[in-house]
Amino acid sequence: MCDILFYSCPSCGNGPVTINELDENLVNEAITAAKNSDLTIVFAGSNRDYETEASDRANLDLPYGQEELIHQLLEVNPNTIVVFIAGAPFDIKAVSDKSKAVIWTWFNGSEGGNALADVLLGNINPSGKLPWTMPVKLEDSPAHATNSFPGDDTVTYEEGILVGYRWFDTKNIEPLYPFGYGDSYTSFELGDLSINKSEFSEDETIDIKVAVKNTGDWDGKEVVQAYISKPNTSIERATNELKGFTKVEVDQGSTAMAYISIPVKELAFYNTDTKNWEVEKGTYIIKIGNSSRNLTMETSINIL
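Here we summarise the structure given alongside this text. Since the structure is predicted, the reported quantities are computational estimates derived from the model, not experimental observations.

1. What to know about the sheet that holds strand E15 (residues 295-303)
Moving on, step 1. Read across the sheet, five strands follow the order E7-E15-E14-E9-E10 without closing on themselves; strand pairing throughout is mixed. Of all the strands in the sheet, the pair left with one neighbour each is strand E7 (199-200) and strand E10 (241-250).
Moving on, step 2. Sheet topology places E7 next to E15; two bridges connect them, and they run parallel. Its bridge partner being in E15, Phe200 is matched across the sheet by Ile303.

Here's what the structure looks like:
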């Protein structure tokens, strides 16, 4: 819908500027095609020129008037799948609220089209998970919530160690899609959490075992995630910190075991006074789930 892309000065923090006026003739062609189709698939998002290291985005808006086009297509054909091709978040709340299916495909390579077709046709059951948090709005993200960005000649990021999902979870900010989230054509149930022991020294390893039951109608894969928290901590910590994960394949109606190992040394923090990595002693809570906001089981351990 647009054939021109402009860039602003990278140091200004204004980001790439797009022309968002839609071509009426092309829009009418798309609407006519959607009306005459049982199912519509619309591709949206950005490209490698728009998502560049040369400049920062000014906002999370979908460029090139795409949101307007998507809404027009949804009005004439509710059976519309929206496929996003992008490497960083956009404000897609209005789209995801109205769409029956949203797929996030990243910037895939030459076989990306075949891979997407396999997912859409049900040849493959998707099992990907978000490696970052999808915010509801830009102001929820730490750099903007703290008024750190864009700054002047320099930028001081005020969130400290609460980077990414740690900020959202610790500050109880509801995301659109949380860190670690990903849907599937089937459903899973986690249970029977067990730990190899309850007390550990610094040179030992925490071995976690979880039963993963496929409660749906498709064979599939689930990513089991292990987070830790430290009650009564003497230092600044995030509410939950991802410390391990594993993907397990489970046939429909079956149960498989997931195993996650976490060296106790991975619980260390950097002490700026002693300039050493140190493991804080005491009780830790281990939480298990399939995203940072869906932790369904927990148990406690003690570090001696």
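2. Considerations on the side chain of Lys287
Moving on, step 1. Mapped onto the elements, Lys287 comes out in strand E14 (residues 282-289).
Moving on, step 2. No salt bridge is formed by the buried Lys287, whose closest oppositely charged neighbour, Glu298, lies at an N-O distance of 4.7 Å.
Moving on, step 3. A polar contact is formed between the side chain of Lys287 and the side chain of Asn240, at a distance of 3.1 Å.
Moving on, step 4. Discounting chain neighbours no more than four positions away, the residues touching Lys287 are Gln225, Ala226, Tyr227, Ser229, Asn240, Leu295, Met297 and Glu298.

3. Re the nonpolar core
Within soluble globular proteins, side chains that are nonpolar generally end up buried alongside one another.
Moving on, step 1. Ranked by size, the top nonpolar core spans 26 residues in total, and within it Ile206, Ile208, Val212, Val224, Leu267, Ile288 and Ile303 carry the most contacts.
Moving on, step 2. Put simply, the parts of the chain that give this core at least two residues each are strand E6 (188-195), strand E8 (205-214), strand E9 (220-229), E10, strand E11 (255-263), E14 and E15.
Moving on, step 3. Excluding its chain neighbours within four sequence positions, the residues that come into contact with Ile288 are Leu190, Leu193, Ile208, Val210, Val224, Gln225, Ala226, Asn294, Leu295, Thr296 and Met297.
Moving on, step 4. Within the second largest apolar cluster, 23 residues are counted, among which are Ile31, Val42, Tyr50 and Leu130.

4. A short note on the pairing of E9
Moving on, step 1. Of all 10 residues making up E9, nine are buried, and the element is well covered by its neighbours.
Moving on, step 2. Relative to E10, E9 is paired through nine bridges, and the arrangement is antiparallel. Looking across to E10, one finds that Val224 is bridged to Thr246.
Moving on, step 3. With five bridges connecting them, E9 and E14 associate as antiparallel partners. Counted as the bridge partner of Ala226 is Ile288 from E14.

5. Brief notes about a nonpolar patch on the surface
Moving on, step 1. There is a patch of nonpolar side chains on the surface, built from Leu39, Ile41 and Phe43 and spanning about 280 Å² of accessible area.
Moving on, step 2. You can see Phe43 is positioned in strand E3 (residues 40-45).
Moving on, step 3. Classification of Phe43 as partly exposed rests on a relative accessible area of 48%.

6. Considering unusual backbone geometry
Moving on, step 1. Located in the positive-phi region is Asn147, a residue other than glycine, with phi close to 55°.
Moving on, step 2. Inspection of the secondary structure assignment puts Asn147 in the loop between helix H5 (142-145) and helix H6 (165-170).
Moving on, step 3. A positive phi angle is found at Asp192, which is not glycine, with a value near 55°.
Moving on, step 4. On the secondary structure map, Asp192 appears in strand E6.
Moving on, step 5. Since its relative accessible area comes to 64%, Asp192 is described here as exposed.

7. A short note on the side chain of His71
Moving on, step 1. In this structure, His71 sits in helix H2 (residues 66-76).
Moving on, step 2. Excluding residues that lie within four positions of it along the chain, His71 makes contacts with Ala94, Val95 and Lys98.

8. Overview of the sheet that holds E8
Moving on, step 1. A sheet is described by the order of its strands in space; here three strands give the open sequence E6-E8-E11, paired in antiparallel fashion. Since the sheet does not close on itself, it has two edges, and those belong to E6 and E11, each with one partner. Strand-to-strand twist in this sheet, taken as the mean axis angle between neighbours without regard to direction, amounts to 25°.
Moving on, step 2. Relative to E8, E6 runs antiparallel, the two being bridged by six bridges. Across the sheet, Glu189 pairs through a bridge with Lys213, a residue of E8.

About the thresholds
- Along each chain, numbering runs from 1 in the same order as the chain's sequence is written.
- The model is predicted, so local features are restricted to residues of pLDDT at least 70 and side-chain atom pairs to those at 80 or more, both for listing and for counting; the totals for chains, interfaces and linings are taken over all residues.
- The basis for every side-chain value is the complete set of non-hydrogen atoms in the structure, without hydrogens or water.
- Strands qualify as paired when DSSP identifies two bridges or more between them.
- Comment: elements are numbered from the N terminus, with helices defined as DSSP H or I runs of at least four residues and strands as E runs of at least two.
- Exposed residues in this analysis have more than 50% of their type's maximum accessible area, buried residues have under 20%, and partly exposed residues fall in between, with area computed by a 1.4 Å probe over protein chains only.
- Counting rule applied: Lys, Arg positive; Asp, Glu negative; His and chain ends not counted.
- Whenever Lys or Arg places a side-chain nitrogen within 4 Å of a carboxyl oxygen from Asp or Glu, that contact is recorded as a salt bridge.
- Polar contact is defined as a pair of N or O atoms within 3.5 Å, subject to the rule that within protein one atom must be able to donate a hydrogen and the other to accept it, and that residues adjacent in sequence are counted only when both atoms are side-chain atoms.
- Only heavy atoms enter the contact rule, under which two residues are in contact if any of them lie within 4.5 Å.
- Buried Ala, Val, Leu, Ile, Met, Phe, Trp, Tyr and Cys residues that are joined via side-chain atoms within 4.5 Å together make up what is termed a nonpolar core.
- Note on patches: the residues involved have over 30% relative accessible area and no salt bridge, like charges join within 9 Å, and the nonpolar side chains Val, Leu, Ile, Met, Phe, Trp and Tyr join within 5 Å.
- Working definition of accessibility: Shrake-Rupley area with a 1.4 Å probe, residue cover restricted to the visible protein chains.
- Fitted lines through C-alpha atoms give the axes, limited to the stretch in contact for helices. The angle between two N-to-C directions lies from 0 to 180 degrees.

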